[in-house]
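Given next are the chains, with one letter for each unit.
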Amino acid sequence: MKSKIFATLLVLALLTALSFGAIKVALCAPFTGLGSILGDYIKKGAKLAVEEINSTGGVLGEQIELTVYDTAANPSTAMNVVRRALFSDKVVAVFGPNMSSAVLGVHQLAQQAKTPMLVGATSPSFRFTKVHNPFLFRLRADDDVKVSQLVKYAVDVLGIKKPGVIYGSTDYCLAALDVAKREFGARGIEIVDAEQIKEGEKDATGQLLKLKNAGFDGLIGLTHEPEAAVVVKQLRQLEIDVPIIGFSAWGVPAFTDLAGDAAIGVYSVQGFNPNDSELAVRSFVAHYKSKWGEEPSDPAQAYYDGIYLLAKAIEIANSTDGEKLAEVLSNQLEMYGVQGMLKCDEHHNFTSICYISQFDGESWTIIDKLH
Amino acid sequence: METKDILQNLVSGIAIGSTYGLIGLGVVFLWQSIERINFANISSAMLSAYLFYTFYSEIGMGFFISFVLSVGIVALYGLGLRYLIHEPITKRGGGRLEFVVATLMICVLWLNVIIVFYGGLPKPFPPVFGKATDFVRFAGVSLPVVYFYIFLVVAILMAFLHFLLRKTLVGKSLRATAQNKEVAQLMGVNVNLTTSLAFMLSTTVVGIAGILLAPIYFVSLELGGGSIGIKGFSAAVMAGLIDPYGAVVGGILLGIIENFSTLFISSTYRDVISFLILVAVLIFKPKGIFVWSLHRD
């Protein structure tokens, strides 16, 4: 009996020693709720990077220990889990949340805990120049960059001179509309008509007929996925033949699955495209497929890059101290990842990479890769 | 603006409005049968759409089996609503208000159950009613093929409900139970059976609607908590909650108002305008505006 108690205590002591040695990192993403499919990609991207790093000896001789928390795509749940990760579990860094509204609600907790928070959310509203949080970093191109590139492509390549816009009613869509107005205006082009389709609406006949009567020669889509599907289906139904170029929600499987054949020919600005022939992308896609048996989708690559960024920052700082890590991430770190050269800019964005792609019925063909 | 554009807008308004009417039929039926408003009415549409998606797309069963299984389960769910919600509330002295509140909670419960098991992203409905790009075109106007199935089912259900409620003994028993349970029982009506039938038929009607609406609304939470539930209910209110034909006409009117508000006024204020008109209807004609075929008897 005594030997059994002794053995149990020994195992417990060993486990405690091992966990003290690990670098604890939190991943806060939605696994239930509206954005649950994204949580799956995020977790798989981050776990892949952690396993790769740990299999080569970890960081500073220690293993990375990734703890996953479910934000349920809900800002208040995100607040609870981030608080727990920072103040109870005392992690070295937090990855996520991935929803902009959740980031806006929790980023100050990271500042309070002096712990880096690396997120894949894309709203321009929490750029460093706006929130001044030295501990908050973004791992994907923000929406301002994406809409600017979309407008540039629409005008310079597609030759759209009378753009018509269809937009949703959420902050994601309205912020994109503001950028589109600014960018078209800067090129001396006036949007001939901007029509709203609210989330949940399933008929856009009135909106599309108005755009047609306004004489639009190209459609700029700034909506979420279901409304994007409604719009392209009805454009085909009404036989309105204009180039269609959509925002990031128009370039993901959630849109093409719903739109079916109607999505063929649609252009979109994407944050990631697994068909990129770049070596780093090919390697990431191959490893991801071999590990998880499926192709990665945005934002898996962002969190994969993020884990490597953190590992490199710990190496450079030779420490897991939050303030030192934030300093390294802000000013000293520069590395090549799946998303190209990663370096923190004045907005605390590590990348501005995006792709202009066109859907061919099966996959998205890359037309241009922009930095 | 060309005439064919106006015609197209009208036809599209009728089409989307008929989907509201279809949901309104379920509301009318339950009110006619047991004088209760089930705020979880629309949940039956969402449940049948997800069940059909699971059986047909995920498990690979055939269309007919998937359809029968989905609608059958939703019918049993109606029975569950009776025994797990309606009866306990009634036994403890609760009335219509308590039932409304309970069903409102059930509606939210189902949305969360679906989120947990299927996630929040809409799923594509299999092309059993035609592909996304299959349209019927006539006289410069076009409509997706699926709407013709909807029109057909709306017509059948309208006629069926009218016939059932007015021309059959079962229908008379249902209405008698709704009006006075005790007297109906004294007159020999099997109240237990008719109440069960009312619950099962109301969820079945909406369940069938769910499978038909999924190509338009996708297999999504929208079918269980989106604006279609409110608009379907509005259509039923325009019919005074008693007239199946009125519910469909009310839904169609709402669809037309929405589309013409967008075309001639503003897409931003589309819902504001539609619901302002509905509020006005309720204020000035609280008993409904499309109550022709049936009378409160």
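Residues numbered from 1 in each chain as written. Chains lettered and ligands numbered in written order. Predicted model: local features only at pLDDT ≥ 70, side-chain atom pairs only at ≥ 80, totals over all residues. Heavy atoms only, no water.

1. What to know about the overall build of chain A
Note the cut-off: Per the convention used, a helix needs a DSSP run of H or I reaching at least four residues, while a strand needs a run of E reaching at least two, with both numbered from the N terminus. C-alpha atoms define the radius of gyration, and 2.2 Å times the number of residues to the power 0.38 defines the globule rule. Working definition: with a 1.4 Å probe on protein chains only, accessible area under 20% of the residue-type maximum means buried, over 50% means exposed, and in between means partly exposed. Residues count as neighbours in contact if any of their non-hydrogen atoms are within 4.5 Å of one another. Computed with a 1.4 Å probe, the accessible areas rest on the Shrake-Rupley method; for each residue, only the protein chains presented here act as cover. A positive count includes Lys and Arg, and a negative count includes Asp and Glu. His and the chain ends are not counted in either. Charge positions come from single atoms, namely NZ of Lys, CZ of Arg, CG of Asp or CD of Glu.
Helix and strand content of chain A: 13 helices and 14 strands. For chain A, whose C-alpha radius of gyration is 22 Å, the value lies close to the compact-globule estimate of 21 Å for 371 residues. For chain A, the residues scored as buried account for 58% of the 371 residues in total. Within chain A, residue pairs in contact and separated by at least 24 positions form 67% of the contacts whose partners lie at least 6 positions apart. Just so you have it, chain A exposes about 14,400 Å², and 53% of that area is on carbon and sulfur atoms. Placing the 34 positive and 43 negative side-chain charges of chain A at their respective mean positions leaves the two points 5 Å apart.

2. Some remarks on helix α10 (residues 227-238) of chain B
Because each turn of an α-helix spans 3.6 residues, side chains separated by three or four positions in sequence point in the same direction. All names here are of chain B. Quick note on the threshold: Each helix should span, by expectation, one fewer than its residue count multiplied by 1.5 Å.
Along its twelve residues, α10 runs 16 Å from first to last C-alpha, staying within 8% of the 16 Å computed at 1.5 Å per residue. For α10, the tally of buried residues reaches nine of twelve residues, placing the bulk of the element in the interior. Of the residues making up α10, those classed as buried are Ile-228, Gly-229, Lys-231, Gly-232, Ser-234, Ala-235, Ala-236, Val-237 and Met-238. Lining the buried residues of α10 we find α1 (3-34), α8 (191-217), α9 (222-225), α11 (244-264) and α12 (270-284).

3. Quick notes on the confidence of the model for chain A
To keep things clear, this is the line we draw: The pLDDT score gives, residue by residue, the confidence of the prediction method on a 0 to 100 scale.
This prediction gives chain A a mean pLDDT of 91; 93% of its residues lie at or above 70. Long-range and interchain partners of residues 15-20 of chain A, a stretch whose pLDDT sits below 50, account for one contact in this model, where long-range means more than four residues apart.

4. Quick word on the domain arrangement of chain A
Residues and elements named next belong to chain A. This is how the line gets drawn: All domain edges in this entry derive from an automatic or database-based domain assignment. Salt bridges are counted wherever a side-chain nitrogen of Lys or Arg sits within 4 Å of a carboxyl oxygen of Asp or Glu. The term polar contact refers here to a pair of N or O atoms within 3.5 Å; inside protein, the definition further demands a hydrogen-donor-capable atom paired with an acceptor-capable atom, and it admits residues adjacent in sequence only when both atoms are side-chain atoms.
Segmenting chain A into domains produces domain 1 (2-141 + 278-353) and domain 2 (144-270). Spacing between the C-alpha centres of domain 1 and domain 2 amounts to 33 Å. Inspection of the domain 1/domain 2 interface yields zero salt bridges. Remark: the boundary between domain 1 and domain 2 carries zero residue pairs in polar contact (both at pLDDT 80 or more).

5. Digging into the interface of chain B and chain A
Counted only if it meets this: Buried area adds together the accessible area that both of two parts lose upon being put together, with accessible area traced by a 1.4 Å probe.
With 37 residues of chain B at the contact, the number on the chain A side is 34 residues. At the boundary of chain B with chain A, total buried surface from both sides reaches about 3,000 Å², with 58% on carbon and sulfur atoms. When the area that chain B buries against chain A is broken down by residue, the three leading residues are B:Leu121, B:Phe218 and B:Ser267, summing to 19%. The interface formed by chain B and chain A holds four salt bridges in total. Where chain B touches chain A, the interface holds 14 residue pairs in polar contact (both at pLDDT 80 or more).

6. Overview of unusual backbone geometry
All names here are of chain A. A cis geometry characterises the amide bond from Gly-96 onward to Pro-97, with omega recorded as 5°. Along the chain, the position of Pro-97 falls in the loop between β3 (93-95) and α4 (100-113). The omega torsion of the bond from Asp-298 to Pro-299 falls at 10°, within 30 degrees of zero and hence cis. At Glu-239, a position not held by glycine, the phi torsion is positive, near 55°. For His-348, which is not a glycine, the phi torsion comes out positive at approximately 65°. The topology assignment puts His-348 in the loop between β12 (340-343) and β13 (354-359).

7. Section: the sheet that holds strand β1 (residues 23-29) of chain A
All names here are of chain A. What counts here: Between any two strands, at least two bridges found by DSSP are needed for them to pair. Axis definition: a line fit to C-alpha positions, over the contact stretch in the case of helices; interaxial angles, taken between N-to-C directions, run 0 to 180 degrees.
Spatially, β2-β1-β3-β4-β5 is the arrangement adopted by the five strands of the open sheet, whose pairing is parallel. Looking along the sheet, the strands with just one partner apiece sit at the ends: β2 (64-70) and β5 (136-138). Neighbour-to-neighbour, the strand axes of the sheet open up by a mean angle of 25°, direction not taken into account. Where β1 and β3 come together, three bridges link them in parallel fashion. Across the sheet, Ala-26 pairs through a bridge with Val-94, a residue of β3. Sitting on the sheet, helix α12 (residues 300-317) touches β1, β2, β3 and β4 (117-119), and the angle it makes with β3 is about 170°.

8. Let's talk about the pairing of strand β11 (residues 334-337) of chain A
All names here are of chain A. Here β11 shows a buried face lined by Met-335 and Gly-337 and an unburied face lined by Glu-334 and Tyr-336. Here β11 runs beside β12; their pairing, made up of four bridges, is antiparallel. Bridging across to β12, Tyr-336 finds its partner in Met-341. Once β11 ends, the chain turns through two residues before running back antiparallel as β12.

9. Quick word on the layout of surface pockets
In plain terms, the rule: Only protein atoms enter the calculation, which uses a 1 Å grid: trapped sets of points that fit a 1.4 Å probe without letting it out are cavities, open sets showing protein on both sides within 12 Å along at least five of seven lines are pockets, and any residue with an atom within 4 Å of a point is a lining residue. Grid points are joined across faces, edges and corners, and a volume is the space filled by probe spheres set on the points.
Counted as a void, the second largest pocket has a volume near 510 Å³. The set of elements that each furnish at least two residues to the lining of the second largest pocket consists of α9 (225-237) and α10 (253-259) of chain A together with α5 (146-167) and α8 of chain B. Per-element accounting of the lining of the second largest pocket gives the leading share, four residues, to α9(A).

10. Section: the packing of aromatic side chains
For the record, the criterion: Two rings belonging to Phe, Tyr or Trp (six-membered ring only in the last case) form a pair when the distance between their centres is within 6.5 Å. Interplanar angles under 30 degrees mark stacking, angles over 60 mark edge-to-face geometry, and anything in between is tilted. Should the NZ of a Lys or the CZ of an Arg lie within 6 Å of a ring centre and within 35 degrees of the ring normal, that charge is described as sitting over the ring.
The full count for this structure, using the stated rule, is 23 aromatic pairs over all chains. Here the aromatic rings of A:Phe284 and A:Tyr304 are separated by 4.6 Å at their centres, their planes lie at 50°, and the arrangement is tilted. A residue pair is termed long-range when its members are at least 10 positions apart, and A:Phe284 in helix α11 (residues 279-292) and A:Tyr304 in helix α12 qualify at 20 residues. In this structure A:Tyr304 comes out as buried when scored by relative accessible area, which is 8%. Put simply, the rings of B:Phe52, B:Tyr56, B:Phe63, B:Phe67, B:Phe125, B:Phe129 and B:Tyr149 touch in pairs and so form one group of aromatic residues. Positioned above the aromatic ring of A:Phe126 is the side chain of A:Arg138, whose terminal nitrogen or guanidinium carbon lies 4.3 Å from the ring centre. Just above the ring of A:Trp292 sits the side chain of A:Lys291; from NZ or CZ to the centre is 5.2 Å.

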